[in-house]
Amino acid sequence: MKISFANKESAGNELIVPVFENEFQEAEKLTGGIARKLASKKEFEGKKDQIQVVHTQNGKIVLVGLGDSQKLSLEIIRQAYGKAASVMRDNSTKKFSVILPECLNSFDEAKAAVEGMLLSLYKFSSFKTVEKDEKIVEEIFLLSDDSEAKRAVKEAIIICDAVLFTRDLQNHPSSIATPQMLGKKALESAKKFGFKCKVYGKNELEKMGMNAILAVNKGSAIPPALIVMEYNGGKETICLVGKGITFDSGGISLKPSAAMDEMKFDMSGGAAVIGIMQAAARLKLPLRIVGIVPSTENMPGGKAYKPGDIIKTYLGKTIEVLDTDAEGRIILSDGLAFAQKFKPSAIIDYATLTGACVVALGNITAGLMGNDDQLIKKIIEAGNATNEKAWQLPMFDDYKEDIKSQVADIKNLGAKGSAGAISAAMFLKEFVGNCKWAHLDIAGTAWTTKDRPYKPFGGTGFGVRLTIELLKNWNKQ
Ligand code: BES
Ligand code: ZN
Ligand code: ZN
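Residues numbered from 1 in each chain as written. Chains lettered and ligands numbered in written order. Predicted model: local features only at pLDDT ≥ 70, side-chain atom pairs only at ≥ 80, totals over all residues. Heavy atoms only, no water.

Participant: A description of the coordination of the zinc ion (ligand 3) should follow, citing residues and the corresponding values.
Facilitator: Of the protein atoms, only K243 (NZ), D248 (OD), D266 (OD) and E327 (OE) coordinate the zinc ion (ligand 3), at distances of 2.0 to 2.4 Å. Between the zinc ion (ligand 3) and the zinc ion (ligand 2), a separation of 3.2 Å is found, and both are coordinated by D248. Within this pair, whereas K243 is found in the loop between strand 9 (237-242) and strand 10 (244-248), its partner D266 is found in the loop between strand 10 and helix 9 (268-282), the two being separated by 23 residues in sequence. Both residues of the pair, K243 and D266, count as buried. (Donors = N, O, S within 2.8 Å, 3.2 Å for Na, K, Ca; no water. Helix = DSSP H or I, 4+ residues; strand = E, 2+ residues; numbered from the N terminus. Buried < 20%, exposed > 50% of the residue type's maximum accessible area, 1.4 Å probe, protein only.)

See the structure below:
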């Protein structure tokens, strides 16, 4: 899909018109007074979430409410433009124009409008062969000649490309989205956008002593991979580590079958890290960014790792396996220890790590834990700006008790039914040394089982927008 700029005179017959509550001047001109009539009948008053299609002689105008102009937020803009673009698409409109009112010509607002539209129009339909999706938007014309808006659109396109790339990886079934396929996509992306990428296979992982990744892989017929990406845009190094479990059956501690299909999304953290690398390189961020994705299935094959096993990790610490379904923290232990080699000033990890996090925060907010208050604060702010929200959970030393093992350095299971998201993070903390580190538990936010505003059913690409916002502002106070 293409986004172009046009002037108001060449708007065409298909038009999205934003309206603030009870401010109808512009809409009225465009609709020949229809907008005011609708308002007087209280059918459309420009309230937040209101949308109204007005059919004209040659096309249609989609009026979309932005609510009280004093209460406008970037999220209202994303949702409103997203909804309006979906209405156009659902009406089989292939090309339409969009008005950005004066106040939306500033950078952040124009960016939010484009994000809302691009993210809403995404649909994963590559496997549909019968009811093929013919409702595809080909081109959107933005009616603006503002240079800030033009700059914003370029950035929004790069970020949304990365979000949609991440969603595509997430949505593919695990029989296709294997560790090797993730590696291939990362390599392709690296080549295309100018960053380095190396994919380590099973033999190399054995030589390196990545025994935690190898242990989780044992029950799978598909080999593991460790994807390491590096974008060199500056001196300061940030490491991003993503959980890349391409399917989590639970292993020998097998999951119940209900909703097990959703465990194809257990590589969402890894997919987000590849997406972030791509956007960071395209935006030429002034940082050195290293992306690390340990990837494997978690399967119960005859050679599978078992409860009671003890793993000697890449770092040297030993893990007692008490539940093979707590595999994310195991593979991340090697990923996080490896990250330290790059001497980063911060490590951030992304993982669909615990059901407990979903219980605590639902599908709206990611769990956020770490060992550095400044870093946590920056992530919360970036989350608020992008509406990829994160909320801090505590990591008091007292919780360490929960992961003490009788026979190894730590165990991979916390206290039953108690602070599961936190004990998982306490486990990860053992592998980051003295490095500043934050952990995002994205178990509830990485995918959605119902359509949400600009997040259609399936993978959401959570973490990409948040992280790009964070990295863009990295050196700002
Ligand atoms: N991938 C799951 C976490 C998960 C569960 C994500 C549901 C999204 C929705 C993870 O590997 C897992 O199975 N965690 C266990 C840990 C437990 C055995 C300590 C869990 O949360 O039940
Ligand atoms: Zn699991
Ligand atoms: Zn998992």
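Participant: How would you summarise the coordination of the zinc ion (ligand 2) if you had to cite specific residues and measurements?
Facilitator: Donor atoms from the polypeptide that coordinate the zinc ion (ligand 2) comprise D248 (OD), D325 (O), D325 (OD) and E327 (OE), at 2.0 to 2.2 Å from the metal. Expressed as a motif, the donor residue spacing for the zinc ion (ligand 2) is D-x76-D-x1-E. A residue is classified by how much of its surface remains accessible, and E327, at 0% relative accessible area, is buried.

Participant: Go over the sheet that holds strand 5 (residues 95-99) with me, naming the residues and quoting the values.
Facilitator: Note on sheets: strands pair through backbone hydrogen bonds, and any given pair is parallel or antiparallel. Spatially, six strands are ordered 1-6-5-2-4-3 in an open sheet, and the strand pairing comes out mixed. Strands with a single pairing partner mark the edges of an open sheet, and in this sheet they are strand 1 (2-6) and strand 3 (51-55). Taking each pair of neighbouring strands and ignoring which way they run, the sheet shows an average axis angle of 25°. Contacts from helix 4 (residues 107-120) reach strand 1, strand 5 and strand 6 (139-143), with the element oriented near 165° to strand 6. Strand contacts of helix 5 (residues 147-171): strand 1 and strand 6, with the helix running at about 175° to strand 1, the strand carrying the most contacts. (Pairing = 2+ DSSP bridges. Axes fitted to C-alpha atoms, helices over the stretch in contact; angles between N-to-C directions. Contact = heavy atoms within 4.5 Å.)

Participant: Can you break down the nonpolar core residue by residue, with the values?
Facilitator: The nonpolar side chains of a soluble globular protein tend to be buried, and buried together. Formed by 95 residues in total, the largest nonpolar core has its most connected members in F96, M229, I274, I289, I379 and L440. In terms of residue count, the dominant contributor to this core is helix 5 (12 residues). Once you skip the residues sitting within four places of it in the chain, F96 turns out to touch E14, I16, A85, M88, M117, V137, E139, I140 and F141. (Core = buried A, V, L, I, M, F, W, Y, C linked by side-chain atoms within 4.5 Å.)

Participant: Quick rundown of the site of ligand 1? Include the residues and the values.
Facilitator: What surrounds ligand 1 is a group of 16 residues, the closest being D248, K255, D325, E327 and G355. Within the side chain of D266, one N or O atom sits 2.9 Å away from a nitrogen atom of ligand 1. Looking at the shell around ligand 1 residue by residue, the class counts come to five nonpolar, three polar and eight charged. (Near = heavy atom within 4 Å. Polar contact = N/O pair within 3.5 Å; in protein donor to acceptor, adjacent residues only side chain to side chain. Nonpolar A, V, L, I, M, F, W, Y, C, P; charged D, E, K, R; others polar.)

Participant: I'd like to hear about the sheet that holds strand 13 (residues 318-320), residue by residue, with values.
Facilitator: An order of 12-13-17 is seen for the three strands of this open sheet, with the pairing classed as mixed. With one partner strand each, in any of the chains shown, strand 12 (310-312) and strand 17 (410-411) form the two edges of the open sheet. In this structure, strand 12 lies alongside strand 13, joined through three bridges in antiparallel fashion. Directly across from K312, in strand 13, lies its bridge partner T318.

Participant: Report on the packing of aromatic side chains, specifying residues and quantitative values.
Facilitator: In the structure shown here, the tally under the stated rule is seven aromatic pairs. Here F427 and F431 contribute two aromatic rings whose centre-to-centre distance is 5.5 Å and whose plane-to-plane angle is 40°, an arrangement assigned as tilted. Each member of the pair, F427 as well as F431, is classed as buried. Three or more aromatic residues link up through ring pairs in this structure, and these residues are Y200, Y314, F338 and F342. When the ring centre of F5 is taken as reference, the NZ or CZ atom of K150 above it lies at 5.2 Å. Sitting over the face of the ring of Y200, K198 holds its NZ or CZ atom 4.8 Å from the ring centroid. (Phe/Tyr/Trp six-rings, centres within 6.5 Å; stacked < 30°, edge-to-face > 60°. Lys NZ or Arg CZ within 6 Å of the ring centre and 35° of its normal.)

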